[in-house]
Amino acid sequence: MQRFWVCYVEGTNGGVHYRHYSLEAAENEAERLARLPGRQCSMVYILECVEHCKVVLLPIEWDIPE
């Protein structure tokens, strides 16, 4: 897994998150988000993905009666 960061603006529903593959790119995006109209007092967090998981579907088994 490649390391990435996303930005979250406090008080929003999260919206669409873009993966930033460098911390500098995430910082630039956080600053841009903080400057948006109506967001000057909102906290912008930079979140780093540290782990992930997924559900692997098991094969379906069929039992046929004799």
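Here, the structure is the one placed above.
**What to know about the overall build of the chain**
Of regular secondary structure, the chain possesses one helix and two strands. Sequence-ordered secondary structure for the chain, helices as α and strands as β, is β-α-β. Expected size for 66 residues packed as a compact globule is a radius of gyration near 11 Å; at 20 Å, the chain overshoots this value by more than 25%. Counting across all 66 residues of the chain, residues that qualify as buried make up 18%.

**Let's talk about the packing of aromatic side chains**
Each aromatic ring pair is characterised by the separation of its centres together with the angle its planes make. This model, assessed by the stated rule, comprises two aromatic pairs. Between Tyr8 and Tyr45, the aromatic rings sit 6.4 Å apart at their centres with planes inclined by 20°, giving stacked as the arrangement. Of this pair, Tyr8 sits in strand E1 (residues 5-9) while Tyr45 sits in strand E2 (residues 44-48), and the two are 37 residues apart along the sequence. Over the aromatic face of Phe4 sits the side chain of Arg19, whose NZ or CZ is 4.2 Å from the ring centroid.

**Describing a nonpolar patch on the surface**
Taken together, the side chains of Met43, Tyr45 and Leu47 define a hydrophobic patch exposed on the protein surface, amounting to about 270 Å² of accessible area. With respect to the helices, strands and loops of the structure, Met43 is situated in the loop between helix H1 (23-34) and E2. In this structure Met43 comes out as partly exposed when scored by relative accessible area, which is 45%.

**Quick word on H1**
The periodicity of an α-helix, 3.6 residues per turn, causes residues three or four places apart in sequence to face the same way. With twelve residues, H1 should cover 16 Å at 1.5 Å per step; its first-to-last C-alpha distance of 16 Å lies within 8% of that length. Those residues of H1 that sit buried are Ala26, Glu29, Ala30 and Leu33. In an axial view of H1, the angular spread of the buried residues amounts to 105°, which keeps them on one side of the axis. Where H1 is buried, its residues contact E1 and E2.

**Points about the pairing of E1**
Burial analysis of E1 places four of its five residues in the buried class, which makes it a mostly covered element. Inspection of the sheet shows E1 paired to E2 by five bridges, in the antiparallel sense. Across the sheet, the residue bridging to Trp5 is Glu48, located in E2.

What counts and what doesn't
- Residues numbered from 1 in each chain as written.
- Predicted model: local features only at pLDDT ≥ 70, side-chain atom pairs only at ≥ 80, totals over all residues.
- Heavy atoms only, no water.
- Helix = DSSP H or I, 4+ residues; strand = E, 2+ residues; numbered from the N terminus.
- Rg over C-alpha atoms; globule rule 2.2 N^0.38 Å.
- Buried < 20%, exposed > 50% of the residue type's maximum accessible area, 1.4 Å probe, protein only.
- Phe/Tyr/Trp six-rings, centres within 6.5 Å; stacked < 30°, edge-to-face > 60°.
- Lys NZ or Arg CZ within 6 Å of the ring centre and 35° of its normal.
- Patch = residues over 30% accessible without salt bridge, like charges linked within 9 Å, V, L, I, M, F, W, Y side chains within 5 Å.
- Areas by Shrake-Rupley, 256 points an atom, 1.4 Å probe, with all protein chains shown as cover.
- Salt bridge = Lys/Arg side-chain N within 4 Å of Asp/Glu carboxyl O.
- Expected span 1.5 Å × (residues − 1).
- Arc of directions from axis to C-beta.
- Contact = heavy atoms within 4.5 Å.
- Pairing = 2+ DSSP bridges.

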